[in-house]
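For reference, the chains in residue letters:
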Amino acid sequence: MPIPDSWLPTLGMEQDKPYYKELYRFVAEERKKYTVYPPGPDVFNALFYTPYERVRVMIIGQDPYHEEGQAHGLSFSVRPGIALPPSLVNIYKELHEDVGFRIPNHGCLIHWAEQGVLLLNAVLTVRAHQANSHQGKGWETFTDTVIRAVNQKATPVVFLLWGSYAQRKTELIDASRHIILQAPHPSPLSAHRGFFGCRHFSRANAALQAAGLQPIDWQLPDSEPSRP
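This write-up is about the structure you can find in this document.

## Quick look at the overall build of the protein chain
Argument step 1. Check the secondary structure of the protein chain and you find 8 helices and 6 strands.
Argument step 2. For the protein chain, the sequential pattern of α-helices and β-strands runs α-α-β-α-β-α-α-β-β-α-β-α-β-α.
Argument step 3. Expected size for 228 residues packed as a compact globule is a radius of gyration near 17 Å; at 17 Å, the protein chain falls within 12% of this value.
Argument step 4. On the principal axes, the C-alpha backbone points of the protein chain span a range of 45 × 40 × 30 Å.
Argument step 5. For the protein chain, buried positions account for 55% of its 228 residues.
Argument step 6. Looking at the protein chain alone, contacts between residues at least 24 apart form 69% of all its contacts between residues at least 6 apart.
Argument step 7. On the protein chain, roughly 10200 Å² of surface is accessible, and the fraction owed to carbon and sulfur atoms is 52%.
Argument step 8. Placing the 22 positive and 22 negative side-chain charges of the protein chain at their respective mean positions leaves the two points 3 Å apart.

The structure is reproduced here in structure tokens:
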């Protein structure tokens, strides 16, 4: 699980800490006994597709998808050819109402990540068919360090915090320098309580433009090519 080069100046020291070594051993042992998602090469895809210097927006998820073929290292995203999970269906609905988003035939969000949208789950691995099975094993310590690193960026970053779990990360973010937008989670259980109508996508772009930064092109290509 190599940390991508652009993140090494801010995260490289984590690899030498006891918690990280124990986490590495834990995930390795889990992979010997069970199917673990995402595959090893995809674990740090959020950091790979969004280099540190390019982060402009951060969307914090909780846990990878735990069914076959879904998780590929980006929060809320699934590989091309995989049915859209319910939360992503609702994200697309809000995008359509907010910015006229045309709903594509896939759920792959690499196009966002490559523009500077850091799609980070708090926990980066999961045992197949067992949601939250790798919580409390050390990933949260690592991903909180990622959030702190983004918080240290000189340019403003827009944090989209959906649901109470993500919103607890506000204590790691300096709201005087960055923009924090909060809403209920897009899950079918909570989307109708305020995720629908939150207009986070247009509001994020307005905040970026107000800071003199390029807005995000939220529109996904109609057919996302398969990538590593």
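Now that the structure has been shown, the text picks up again.
## Describing the pairing of strand S3 (residues 117-121)
Argument step 1. By the criterion of burial, S3 is predominantly enclosed, with 5 of the 5 residues buried.
Argument step 2. The two faces of S3 match: Val 117, Leu 119 and Asn 121 on one face and Leu 118 and Leu 120 on the other face are all buried.
Argument step 3. Taken together, the 5 bridges between strand S2 (residues 57-61) and S3 define a ladder with parallel strand orientation. When the bridges of S3 are listed, Met 58 appears paired with Leu 118.

## Re the sheet that holds S2
Argument step 1. As summarised here, the arrangement of the 4 strands in space is S3-S2-S5-S6, forming an open sheet in which the pairing is parallel. Strand pairing shows two members of the sheet lacking a second neighbour, S3 and strand S6 (179-183), which therefore form its edges. Sheet twist, expressed as the mean angle between neighbouring strand axes with direction ignored, is 20 degrees.
Argument step 2. Running over the sheet, helix H8 (residues 200-210) touches S2, strand S5 (158-162) and S6 and is turned about 160 degrees from S5.

## With respect to the packing of aromatic side chains
Aromatic ring pairs: the centre-centre distance and the angle between the two ring planes describe each pair.
Argument step 1. Applying the stated criterion across every chain, the model contains 15 aromatic pairs.
Argument step 2. On the numbers, 5.0 Å between centres and 45 degrees between planes, the contact of Tyr 92 with Phe 101 is tilted. One exposure class covers both Tyr 92 and Phe 101, and it is buried.
Argument step 3. When the ring of Trp 162 is compared with that of Phe 201, the centres are 6.0 Å apart and the planes differ by 65 degrees; the resulting orientation is edge-to-face. Remark: Phe 201 occurs in helix H8 and Trp 162 occurs in strand S5; sequence separation between them is 39 residues.

The rules we used
Along each chain, residues carry numbers from 1 onward, in the same order as the chain's sequence is written. Where totals are concerned, whole chains, interfaces and linings use all residues; where local detail is concerned, this predicted model gives features only for residues with pLDDT of at least 70, and gives and counts side-chain atom pairs only at 80 or more. Side-chain measures here rest on the full set of heavy atoms in the structure, leaving out hydrogens and waters. Strands are runs of DSSP state E lasting at least 2 residues, helices are runs of H or I lasting at least 4, and numbering of each runs from the N terminus. Here the globule rule reads 2.2 Å times residues to the power 0.38, and the radius of gyration is calculated from C-alpha atoms. Only protein chains enter the accessibility calculation, which uses a 1.4 Å probe. A residue is then buried if its area is under 20% of the maximum for its type, exposed if over 50%, and partly exposed in between. Two residues qualify as a contact provided that any one of their heavy atoms is within 4.5 Å of a heavy atom in the partner residue. Per-residue and other accessible areas were derived by the Shrake-Rupley procedure at a 1.4 Å probe size, with only the shown protein chains allowed to occlude residues. Charged residues are defined here as Lys and Arg on the positive side and Asp and Glu on the negative side; His and the ends of the chain fall outside this count. Taken as the charge centre is NZ of Lys, CZ of Arg, CG of Asp or CD of Glu, depending on the residue. Between any two strands, pairing holds if DSSP finds at least two bridges. Angles run from 0 to 180 degrees between N-to-C directions of axes, and those axes are lines fitted to C-alpha atoms, restricted for helices to the stretch in contact. Paired rings are identified among Phe, Tyr and Trp, the last through its six-membered ring, by centres lying within 6.5 Å, and are further divided according to the angle between planes into stacked (under 30 degrees), edge-to-face (over 60) and tilted (the rest).

So yeah, pure geometry; function would need other evidence.
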